Amino acid sequence: MKLFVALSAVLAVAAAVGDYHAVEHKHIPIVHSELLQSNDGQFKYGYESANGIVVQEEGHVKNLGSKDQETNVAHGSYSYVDPHGVPVSVSYTADENGFHAHGSHIPTPPPLPIELVEAYAKVGSHPEAHHEEPEVYKGH
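Residues numbered from 1 in each chain as written. Predicted model: local features only at pLDDT ≥ 70, side-chain atom pairs only at ≥ 80, totals over all residues. Heavy atoms only, no water.

Caption draft 1: Geometry of the sheet that holds strand S2 (residues 43–49). Read across the sheet, 6 strands follow the order S1-S2-S3-S4-S5-S6 without closing on themselves; strand pairing throughout is antiparallel. Each end of this open sheet is capped by a strand with a single partner; those strands are strand S1 (30–37) and strand S6 (98–102). If you compare each strand with its neighbour and ignore which way they point, the axes differ by 10° on average. Examined bridge by bridge, S1 and S2 share 7 bridges and lie antiparallel to one another. Bridge pairing links Gln 37 to Phe 43 in S2. (Pairing = 2+ DSSP bridges. Helix = DSSP H or I, 4+ residues; strand = E, 2+ residues; numbered from the N terminus. Axes fitted to C-alpha atoms, helices over the stretch in contact; angles between N-to-C directions.)

Caption draft 2: Highlighting a nonpolar patch on the surface. Taken together, Ile 30, Tyr 47, Ile 53, Tyr 78 and Tyr 80 make up a surface patch of nonpolar side chains, about 420 Å² in accessible area. With respect to the helices and strands, Ile 53 occurs in the loop between S2 and strand S3 (54–62). (Patch = residues over 30% accessible without salt bridge, like charges linked within 9 Å, V, L, I, M, F, W, Y side chains within 5 Å. Areas by Shrake-Rupley, 256 points an atom, 1.4 Å probe, with all protein chains shown as cover. Salt bridge = Lys/Arg side-chain N within 4 Å of Asp/Glu carboxyl O.)

Caption draft 3: Layout of the packing of aromatic side chains. Counting across every chain of the model gives 3 aromatic pairs. Three or more aromatic residues joined by ring pairs form one cluster here, namely Tyr 78, Tyr 92 and Phe 99. (Phe/Tyr/Trp six-rings, centres within 6.5 Å; stacked < 30°, edge-to-face > 60°.)

Caption draft 4: A look at the pairing of S3. With 6 bridges connecting them, S2 and S3 associate as antiparallel partners. Among the inter-strand pairings, Gly 46 is bridged to a residue of S3, identified as Gln 56. Hairpin connection from S2 to S3: 4 residues lie between these consecutive antiparallel strands, with Gly 52 at a positive phi of about 95°. Direction of pairing for S3 relative to strand S4 (residues 71–81): antiparallel, over a ladder of 9 bridges. The residue of S4 that forms the bridge with Val 61 is Asn 72.

Structure below.
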């Protein structure tokens, strides 16, 4: 019985792997492509494929020559149609403040309740109202 269960499991895995490799991958041509680069770190590239994928990005080195201040800056976008036929578009910026993407399908946090915003403003405007930590709590 154990041999039968083990053999069935092996056959199931083999059948699943066989289905995975049977997926047809068709060639999607690139209908437009561009790439521009300069010696000072500026660049621009983009491409569009026949299935509607569009990508573009450009950037530069900010504070070029100041080794402690140099940073790469880039901004761009990409778009495609998802498997349900819905167009998806993303724009982004990448710089010394990190990577920030924007798109209607990207979740965003809900806004803070106005009461909480007002409470933070009130506490921040009265720093003298903050008390020091009691001695019994210090160091723990």
